[in-house]
Amino acid sequence: MNKIDIAELFKGLQNQMIAQLNTNREFLLHPGTKGDSLENVWIEWLRKYLPNRYCIDKAIIIDCKGNLSDQIDLVIYDQHYTPFVFSQNGIFYIPAEGVYAVFEVKPELTKGYIEYAGDKIESVRKLHRTSTNIIDRGKQFEPRSLTKILGGILTSVSTIQNSTIEKHLESLKSLKSIDLGCSVEGGCFYIDYAIDEDNKINDFNERITNYYKNREYSSTTFSTADKSLVTFFLQLMRYLQQTIGTVAAIDLNAYSNAINFTIDEEL
């Protein structure tokens, strides 16, 4: 039976990913331009490797009550169950219901940038989300509970030791807590938390907020630097496909109320 070395395949993929990410990074001098380019490089990198069902953009997240998040460097979102994304003056506005994950993109991993990423993540997780019934293969399904919104940070290098990174990650509480991150030259990391959702809470927004407020830091797992992008990609896909799955269907009437219009739901 013929065999192939899976480890060598992943090594080749890692080298390919680094080449893709480094295309523009090393030749930019202006700090503002460099920051924008880093975000764009990460966005294009994820667009290349994630399945087509996931959309990736820089955006501001909105909810049906008109609340806004901070501007987010990189958003992974759905456009199947969340059919409208606004674009105004070059800025995307994405309904909170469609968000799978949000990332802050910085040149290096530091305490200040980790805390800053936590603030950005919190601004998204605190938004109100809706959920409604759907028809799938001719059968109606009741509204599902809200999915977790992954929060993370992406950098080129790390200037601190893993033990220090872990201490800073542990200090982020509640809606600010980070799930995973990657430093291209330092390695990937993901955080385990010890808590489950309280299914006795009927209000979906209250339930997901309660989950974040009460989950406790357990541990951080780090990859080696030579496998940073591959391990980050595999962990991200694990979260997206096996932890989150598909986002809840958006209640369009909650948004149409903003223009004093009620959608006919009985067709």
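The shown structure was predicted, so the numbers you read here are calculated from the model rather than taken from an experiment.

Thresholds, definitions, all that
- Throughout, a residue's number is its position along its own chain's written sequence, starting from 1.
- With the structure being a predicted model, the display of local features is reserved for residues of pLDDT at least 70 and the display and counting of side-chain atom pairs for 80 or more, all residues being used for whole-chain, interface and lining totals.
- Hydrogen atoms and water are omitted, and side-chain values are computed over all heavy atoms in the structure.
- The way it works is that DSSP assigns letters per residue, a run of H or I at least four long becomes a helix, a run of E at least two long becomes a strand, and they are numbered from the N terminus.
- Values of the radius of gyration come from C-alpha atoms, whereas the globule rule sets the reference at 2.2 Å times the count of residues to the power 0.38.
- The buried label applies to any residue whose accessible area, calculated with a 1.4 Å probe on protein chains only, is under 20% of its type's maximum; exposed applies above 50%, and partly exposed to all values in between.
- In what follows, a contact means two residues having at least one pair of non-hydrogen atoms within 4.5 Å.
- For accessible areas, the Shrake-Rupley method is used with a probe of radius 1.4 Å. Any residue's cover is judged against the shown protein chains and nothing else.
- Charge counting treats Lys and Arg as positive and Asp and Glu as negative, with His and both chain ends excluded.
- By convention, the charge on Lys lies at NZ, on Arg at CZ, on Asp at CG and on Glu at CD.
- The score called pLDDT rates the predictor's confidence residue by residue, from a low of 0 to a high of 100.
- Between rings of Phe, Tyr and Trp, where Trp is taken as its six-membered ring, a pair exists when centres lie within 6.5 Å; planes separated by under 30 degrees are stacked, by over 60 edge-to-face, and by other angles tilted.
- Only Lys NZ and Arg CZ are tested; either one counts as a charge over a ring when it is within 6 Å of the ring centre and within 35 degrees of the ring normal.
- A pair of strands is labelled paired if DSSP reports no fewer than 2 bridges between them.
- Lines fitted to C-alpha atoms define the axes, with helix axes restricted to the stretch in contact, and inter-axis angles between N-to-C directions lie between 0 and 180 degrees.
- By definition, a salt bridge exists where a carboxyl oxygen of Asp or Glu is found within 4 Å of a side-chain nitrogen of Lys or Arg.

A.B. asks: Looking at this structure, how should I read the overall build of the protein?
C.D. replies: Of the regular secondary structure elements, the protein holds seven helices and eleven strands. Computed over the C-alpha atoms, the radius of gyration of the protein is 19 Å, within 12% of the 18 Å expected from 2.2 N^0.38 for a compact globule of 267 residues. Here the protein holds 267 residues, and 45% of them are scored as buried. A separation of at least 24 residues holds for 73% of the contacts in the protein among residues at least 6 apart in sequence. Of the roughly 14100 Å² of accessible surface on the protein, a fraction of 48% belongs to carbon and sulfur atoms. Side-chain charges of the protein comprise 28 positive and 35 negative groups, with the mean position of each set lying 4 Å from the other.

A.B. asks: Would you mind showing me how to read the confidence of the model for the protein here?
C.D. replies: Note: predicted coordinates in regions of low pLDDT should not be interpreted at a detailed level. Across the protein, the average pLDDT comes to 87, with 93% of residues at or above 70. Counting interchain partners and residues more than four positions distant, the pLDDT-below-50 stretch residues 27-33 has three contacts.

A.B. asks: Got a minute to help me understand the environment of Ala258 in this structure?
C.D. replies: Tracing the sequence through the fold places Ala258 in the segment after α7 (252-256). Residue classification places Ala258 among the exposed residues on the basis of a relative accessible area of 64%. Along the primary structure Ala258 and Gly66 are separated by 192 residues, whereas in three dimensions their C-alpha atoms are 8.6 Å apart.

A.B. asks: Please clarify how the packing of aromatic side chains should be interpreted in this entry.
C.D. replies: One pass over the structure, following the stated rule, counts twelve aromatic pairs. Centre to centre, the rings of Trp42 and Trp45 are 5.6 Å apart; their planes meet at 80 degrees, and the pair counts as edge-to-face. Taken together, the positions of Trp42 and Trp45, both in helix α2 (residues 31-49) and three residues apart, correspond to about one turn of that helix. Each member of the pair, Trp42 as well as Trp45, carries the same accessibility label: buried. Here the aromatic rings of Tyr211 and Tyr212 are separated by 5.0 Å at their centres, their planes lie at 75 degrees, and the arrangement is edge-to-face. Residue classification places Tyr211 among the buried residues on the basis of a relative accessible area of 7%. Overall, Tyr212 belongs to the buried group, its relative accessible area being 3%. Taken together, the ring pairs connect Trp42, Trp45, Tyr49, Phe103, Phe232 and Phe233 into an aromatic cluster. Note that Lys148 overlies the ring of Tyr211, its terminal NZ or CZ placed 4.8 Å from the centroid.

A.B. asks: Got a minute to help me understand the sheet that holds strand β1 (residues 55-62) in this structure?
C.D. replies: Strand-to-strand pairing in sheets goes through backbone hydrogen bonds, with the strands running parallel or antiparallel. If you walk across this open sheet you meet the nine strands as β3-β4-β1-β2-β5-β8-β9-β10-β11, and the pairing is mixed. Unpaired on one side and paired on the other, β3 (86-88) and β11 (216-222) mark the two borders of the sheet. With strand direction ignored, the average angle separating the axes of adjacent strands in the sheet is 35 degrees. With six bridges joining them, strand β10 (residues 187-194) and β11 adopt antiparallel strand pairing. From the neighbouring strand, Ile191 faces β11, where its bridge partner is Thr220. On the sheet, helix α4 (residues 162-171) packs against β5 (99-109), β8 (150-158), β10 and β11 and is oriented at approximately 150 degrees with respect to β11.

A.B. asks: Just checking my understanding: could you explain the pattern of salt bridges for this structure?
C.D. replies: If the charged atoms of two oppositely charged side chains come close together, the side chains can form a pair. Inspection of the entire model under this criterion finds ten salt bridges. Of the charged contacts, one joins Asp57 and Arg47 as a salt bridge, the two residues approaching to 2.5 Å between their closest N and O atoms. In this pair, Asp57 sits in strand β1 while Arg47 sits in helix α2, placing the two residues ten residues apart along the sequence. Salt-bridge contacts for Lys227 lead to Asp226; the nearest nitrogen and oxygen are separated by 3.4 Å. Linked by salt bridges that have partners in common, Glu44, Arg47 and Asp57 make up one network.

A.B. asks: Would you mind going over the pairing of β5 with me for this structure?
C.D. replies: Consecutive residues of a regular strand have side chains that alternate between opposite faces of the sheet. Within β5, nine of the eleven residues are buried, which leaves the element mostly enclosed by the surrounding structure. Inspection of the sheet shows strand β2 (residues 68-77) paired to β5 by four bridges, in the antiparallel sense. Paired with Ile76 across the bridge in β5 is Ala101. By the bridge criterion, eight bridges tie β5 to β8 in an arrangement that is parallel. Paired with Glu104 across the bridge in β8 is Ile153.

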